[in-house]
Amino acid sequence: MQRAFKFRFYPTPEQADLLNRTFGCVRKVYNLALEARTTAWHQRQERVNYNATSAMLTGWKKTEELAFLNEVSCVPLQQALRHLQGAFTAFFDKRAGYPRFKSKHKSRASAEFTQSAFRWTDGRLTLAKMTEPLKIIWSRPLPDGQAPSTVTVSRDAAGRWWVSLLCQDTITPLPATGHAMGIDAGLHHLVTLSSGEKATNPRHECADRDRLARAQRELARKDKGSANRAKARLKVARIHARIADRRRDTLHKLSTRLVRENQTLVIEDLSVRNMVKNRSLARAISDAGWRELRNMLEYKADWYGRELVVVDRWFPSSKTCSACGAVAKRMPLNVRLWTCPCGAVHDRDVNAARNILAAGLAVTACGAGVRPQRDSSRTGRSAVKQEHPRATKGIPAPRDGEDANVRSRSFQCRVFAKSHATLGHRYANAPPDPLPCFS
């Protein structure tokens, strides 16, 4: 598989000047091509493809106004046109919105070089139109005997330079384990596991909030366009970068540990985009990084041969008793400990994690998809709610000691729709090896 390895590097003043001009040329070509394609469609109902914009680029270089495009390598400019073509393809496939123009101040400054535009010799990388190799800080080695096929150079808002090397890599799956874990995301604790463990939420943004507020006040006092304003903006960007780096490091360590220790991971399909519309919790939710944690779990589980199950967001994990299956009518956020009429006392987060684990095991047993469909999530119907209530009426839950293997797969799905909490409690307390099998 292809894998990108990102490193920080420190360019010389000449290299920085060339790369900055390359970023500007890439942005200019992208915007010109987007404008040409948009105008051609609105005025002549004509679709312009990559080949046509590539021919336009040749003409633009010959004009006096755009002659500066010849001062940088042509490969990043061609790659910008390919990226624009990919953006239009995603738009026509209804996977993304209409492509937008790149901004000098808001868009990511980056340039992509293919093999014809760089030289890789004995671990030294030299880009096109450069005489010296880049001074790269090698924080980890590249795969043995592999050379990069694509190099992407970027500069973030804090002024740091990064180079990403795309190489072929072989990832060995981890040995199989019999452990399954339910994960409930929260704010007081970053995640709560079905085993009862709670991971502390570091609240990185909250820790640097005073520094950030002070730097933003200083930035607001500076005159626009002044050198002092540029310095103040850089100071704010560095604080934001520090927060993001610490958050990413925490999430990487947590996700890696969970993937290594468990064969099956079960999480909720949280709609973070809608949840951050709550003005009281938006800042804390954004600081927790739930969406980034899910992304890490997805690709790491795919790398190391693990299974990630995502249960529906409408599943009442917090209100359901993991001992008897009763569902409470209300469960405000300030209720952290509650008692079920059956007598069981529950920690809200631990109980939710156990119910999530039980729901994920039922989804796996019923043969449902790993990720709930978007349309199903909107309507509130998912793999754990497949049957109409009338279809499950009168079906008893399996008793203690009953062999689940004698039941058919469809019958187990219907049983779980009525008594998912009972199953969750049983399998949460069962020995970790082997995993329960319903087939």
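Conventions and cut-offs
- Residues numbered from 1 in each chain as written.
- Predicted model: local features only at pLDDT ≥ 70, side-chain atom pairs only at ≥ 80, totals over all residues.
- Heavy atoms only, no water.
- Helix = DSSP H or I, 4+ residues; strand = E, 2+ residues; numbered from the N terminus.
- Buried < 20%, exposed > 50% of the residue type's maximum accessible area, 1.4 Å probe, protein only.
- Contact = heavy atoms within 4.5 Å.
- Areas by Shrake-Rupley, 256 points an atom, 1.4 Å probe, with all protein chains shown as cover.
- Axes fitted to C-alpha atoms, helices over the stretch in contact; angles between N-to-C directions.
- Parallel < 35°, antiparallel > 145°, perpendicular 65-115°, else oblique.
- Left-handed = near helix turned anticlockwise from the far one by under 90°.
- Nonpolar A, V, L, I, M, F, W, Y, C, P; charged D, E, K, R; others polar.
- Polar contact = N/O pair within 3.5 Å; in protein donor to acceptor, adjacent residues only side chain to side chain.
- Phe/Tyr/Trp six-rings, centres within 6.5 Å; stacked < 30°, edge-to-face > 60°.
- Lys NZ or Arg CZ within 6 Å of the ring centre and 35° of its normal.
- Salt bridge = Lys/Arg side-chain N within 4 Å of Asp/Glu carboxyl O.
- Pairing = 2+ DSSP bridges.

### So, the overall build of the chain
Looking only at helices and strands, the chain features 13 helices and 14 strands. Taking all 439 residues of the chain together, the buried fraction comes to 42%. Counted over contacts in the chain with a minimum sequence separation of 6, partners at least 24 positions apart contribute 71%. Accessible area of the chain: about 24800 Å², with a carbon and sulfur share of 50%.

### Things to note about the packing of helix α5 (residues 209-221) against helix α6 (residues 227-261)
Following both chains from N to C, one finds α5 and α6 inclined at 160°, their axes separated by 9 Å at the closest point. Classified by the angle their axes make, α5 and α6 are roughly antiparallel. Helix-helix and strand crossings are classified by hand; for α5 and α6 the assignment is left-handed. Contacts from R211, L212, A215, Q216, E218 and L219 in α5 reach R229, A232, R233, K235, V236, I239, H240 and R242 in α6. The residue makeup of the contact of α5 with α6, split by class, is 6 nonpolar, 2 polar and 6 charged.

### A look at the side chain of D208
Along the chain, D208 falls in the loop between α4 (204-207) and α5. A polar contact of 2.8 Å, which involves the side chain of D208, links it to the side chain of R242. The contacts of D208, once residues within four sequence positions are left out, are I239, R242, I243 and R246.

### Things to note about the packing of aromatic side chains
Counted under the stated rule, the structure contains 10 aromatic pairs. Following the ring pairs from residue to residue traces out a cluster consisting of F88, F91, F92 and Y98. Over the ring of F92 we find R47; its NZ or CZ atom is 4.4 Å from the centre of that ring. Note that R155 overlies the ring of W161, its terminal NZ or CZ placed 5.7 Å from the centroid.

### Things to note about the pattern of salt bridges
The tally for this structure, following the rule as stated, stands at 23 salt bridges. A salt bridge links E205 to R283, with the nearest nitrogen and oxygen atoms 3.1 Å apart. Highlighted residues: E205 in helix α4 and R283 in helix α8 (residues 282-288), separated in sequence by 78 residues. In this structure, the salt-bridge partner of D269 is R294, at a minimum N-O distance of 2.7 Å. Of this pair, D269 sits in the loop between β11 (264-268) and α7 (272-275) while R294 sits in helix α9 (residues 290-303), and the two are 25 residues apart along the sequence.

### A word on the pairing of strand β9 (residues 189-193)
With 5 of its 5 residues buried, β9 lies for the most part within the structure. Looking at chain direction, strand β8 (residues 180-185) and β9 are connected through 3 bridges and run antiparallel. Each bridged residue has a counterpart across the sheet, and for I183 the counterpart in β9 is L193. Between β8 and β9, which pair antiparallel one after the other, the connecting turn spans 3 residues. As defined by bridge partners, β9 adjoins strand β10 (residues 198-200) across 3 bridges and the pair is classed as antiparallel. Of the residues in β10, the one forming a bridge with T192 is K198. Hairpin connection, β9 to β10: the antiparallel pair is bridged by 4 residues, and G196 has positive phi, about 100°.

### A look at the sheet that holds strand β2 (residues 109-114)
An order of β2-β6-β7-β1-β5 is seen for the 5 strands of this open sheet, with the pairing classed as antiparallel. Whereas interior strands pair on both sides, the edge strands pair on one side only; in this sheet they are β2 and β5 (136-137). Sitting on the sheet, helix α1 (residues 13-44) is in contact with β1 (2-9), β2, β6 (150-155) and β7 (161-168), with an inclination near 95° to β2.

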